[in-house]
Amino acid sequence: MEAILIIVLVGNLLIELVLSVLNQKNILKPWPKEVRGIFSQAQVKRAVEYSQANFRFGAIAKVISTAIMVIMITEGGFNFVNGFVIDMTNNELIQALLYFGILMGANQLISIPFSYYQTFVIEDKFGFNNSTVKLFVADIIKSLLLGAVIGGGLLWLLGFLIDYMGSSFWLVFWGVVVIIMIFVNTFYTSLLLPIFNKLSPIGDEDLKKEIFDHCHKVGYKLSNLFQMDGSKRSKKANAFFSGMGPKKTIVLYDTLIEGQSNEEIVAVLAHEIGHYKKKHTTFNLFFGIAQMFGILWLLGWAINQPELSIGLGVNEPKFYTGLIAFFILFSPVSFIIGMFQNILSRKMEYQADAYAKQSYNGEKLIEALKKLSVDNLSNLNPHPAYVFFKYSHPPIHKRIKAIRS
Ligand SMILES: [Zn+2]
């Protein structure tokens, strides 16, 4: 089992590296005609450098994180932590919380220098970073607390249900996870997002009027429209749709509003409304719920297999020690699921673009997409294989082609 786990870990790393190398080489090849001329000569050079910097950084981070996992397995790291928490207490639920608390805490500590480098060196060098050390630290503390509350709560519940219900625990656990998923999906912008960002009404009156006119025309009941202070972290721009029913929300980054004309912003908004009209968010939620059913059904079987814990080098298997091995073994499956998810998501983007074209203006959307690519220094010539596995949105040249067809 130990060998299988290591093969899966190293295999994942190799696939990721091959895809990134292909992608990195492709940016130097001639770009599709739809995207030629969007960047100035200087911007092309910067986009290539930006992509190279991210590629190198990503590759090093992946190699190091895989190496740490392999060393933890072969050198008995997981066994050491397990022995330590068993010495601390006899209560298996507390052992589980301590075990994951230590491992996740260590994981966070290791990742801090990486995210610091990404934000304050790479993003800073290319002029994207607006974050401060104070904000960076506050973000880490908030996500740690949030992760501890949600992750800790779920882990406790999992242990409790296994103890209480035996092998049928997974069905009830799935039920609880489904309720949480629906809750988070519905209240994301009103409860979770405000922990990190400030949402406020659109300030620009002209823009507001154009948006309301458009929504009225297409019969979209606009109850929650916000601008978000994305600029406090980065100069990059974005927009998204979230939630369902009366809680449906459209969020525009302040950086998007600042950089684009009113017509371009309405075109982006029309695209987001397209996601709603075509019921994409609801579909994604149900896809996630179905996927969770499959994962937990498998977990129901895996939790009683001590081989998983032994494969990680753990001498005294507990319900919680096998979880990490389970997710390693599941990662090739989730790679495939992610691939299907991306195929579907790209289809949805084309549908939302087509909706924006039909309900508003295709050329304005193209202008907006071009500006977004410039502002974000996007890779305008990604490798088809990388796009196939990794891209949730089609590359810009394909979107432009589809909108014009
Ligand atoms: Zn979209």
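Scope of this entry: the structure provided in the associated data block. Since the structure is predicted, the reported quantities are computational estimates derived from the model, not experimental observations. (Residues numbered from 1 in each chain as written. Predicted model: local features only at pLDDT ≥ 70, side-chain atom pairs only at ≥ 80, totals over all residues. Heavy atoms only, no water.)

## With respect to helix H4 (residues 92–125)
The first and last C-alpha atoms of H4 sit 48 Å apart over 34 residues, in line with the 50 Å expected at 1.5 Å per residue. If you look at H4, its biggest bend is around 35°, right at Ser111, and the proline Pro113 turns up within four residues after that. If you check which residues of H4 are buried, you get Leu93, Gln95, Ala96, Tyr99, Phe100, Leu103, Thr119, Phe120, Ile122 and Glu123. Contact partners of the buried residues in H4: helix H2 (41–74), helix H3 (77–88), helix H5 (133–165) and helix H12 (322–359). By the N-cap criterion, in which a side-chain oxygen at the helix start approaches the backbone nitrogen of a residue two or three places on, H4 is capped by Asn91, the distance to Leu93 being 2.8 Å. Phi turns positive, to about 75°, at Gly127, one or two residues after H4. (Helix = DSSP H or I, 4+ residues; strand = E, 2+ residues; numbered from the N terminus. Expected span 1.5 Å × (residues − 1). Bend = angle between axes of the 7 residues up to and from the residue. Buried < 20%, exposed > 50% of the residue type's maximum accessible area, 1.4 Å probe, protein only. Contact = heavy atoms within 4.5 Å. Polar contact = N/O pair within 3.5 Å; in protein donor to acceptor, adjacent residues only side chain to side chain.)

## Here we look at the nonpolar core
Ranked by internal contacts, the top residues of the largest apolar core, which has 40 residues, are Tyr99 and Leu312. Mapped by element, the contributors of at least two residues to this core are helix H1 (2–26), H2, H3, H4, H5, helix H6 (169–196), helix H10 (280–302) and H12. The biggest single contributor to this core is H12, with seven residues. Setting aside residues up to four positions removed in sequence, Leu312 forms contacts with Leu5, Met72, Ile73, Phe78, Thr321, Ile324, Ala325 and Ile328. Counting 28 residues, the second largest nonpolar core, distinct from the first, contains Leu207, Ile250, Val268 and Leu372. (Core = buried A, V, L, I, M, F, W, Y, C linked by side-chain atoms within 4.5 Å.)

## Points about the environment of Thr281
Topologically, Thr281 is positioned in helix H10. C-alpha of Thr281 to C-alpha of Leu17: the two residues are 264 residues apart in sequence and 31 Å apart in space. Non-local contacts of Thr281, meaning those with residues more than four positions away in its chain, are made with Phe241, Gly243 and His275.

## Looking at the coordination of the zinc ion
For the zinc ion, the full set of protein donor atoms is His271 (NE2), His275 (NE2), Glu349 (OE) and Glu349 (OE), and the range of their distances to it is 2.1 to 2.7 Å. Look at where the donors of the zinc ion fall in the sequence and you get H-x3-H-x73-E. Of this pair, His271 and His275 both sit in helix H9 (residues 262–277), four residues apart, roughly one helical turn. For the pair His271 and His275, a shared accessibility class is recorded, and that class is buried. (Donors = N, O, S within 2.8 Å, 3.2 Å for Na, K, Ca; no water.)

## What to know about the sheet that holds strand S2 (residues 224–228)
Strand order in the open sheet formed by four strands is S1-S2-S4-S3, and the pairing between neighbours is mixed. Only two strands of the sheet have a single neighbouring strand rather than two, namely strand S1 (199–200) and strand S3 (239–242). Where H9 meets the sheet, its contacts fall on S2, S3 and strand S4 (249–253), and the angle it forms with S3 comes to roughly 25°. (Pairing = 2+ DSSP bridges. Axes fitted to C-alpha atoms, helices over the stretch in contact; angles between N-to-C directions.)

## Regarding the packing of H4 against H5
For the pair H4 and H5, interaxial distance at closest approach is 10 Å and the crossing angle is 155°. Viewed along their axes, H4 and H5 adopt a mutual orientation that is roughly antiparallel. Remark: the crossing between H4 and H5 carries right-handed chirality. Contacts between H4 and H5 involve Leu93, Ala96, Leu97, Phe100, Gln108, Ile112, Ser115, Tyr116, Thr119 and Phe120 from the former and Val133, Phe136, Ile140, Leu144, Gly152, Leu155, Trp156, Gly159 and Phe160 from the latter. Considering only residue class, the contact of H4 with H5 consists of 14 nonpolar, five polar and no charged. (Parallel < 35°, antiparallel > 145°, perpendicular 65-115°, else oblique. Left-handed = near helix turned anticlockwise from the far one by under 90°. Nonpolar A, V, L, I, M, F, W, Y, C, P; charged D, E, K, R; others polar.)

## Looking at the pattern of salt bridges
Overall, the coordinates contain 12 salt bridges when judged by the stated rule. In this structure, Lys364 and Glu263 form a salt bridge, with 3.5 Å as the shortest nitrogen-oxygen distance. You can see Lys364 sitting in helix H13 (residues 362–376) and its partner Glu263 sitting in helix H9, a full 101 residues away along the chain. For Asp353, the salt bridge is made with Arg399, and the minimal N-O distance between the two is 2.8 Å. Of the two residues, Asp353 sits in helix H12 while Arg399 sits in helix H15 (residues 396–404), which places them 46 residues apart along the sequence. Taking the relative accessible area as the measure of exposure, Arg399 reaches 7% and is therefore buried. (Salt bridge = Lys/Arg side-chain N within 4 Å of Asp/Glu carboxyl O.)

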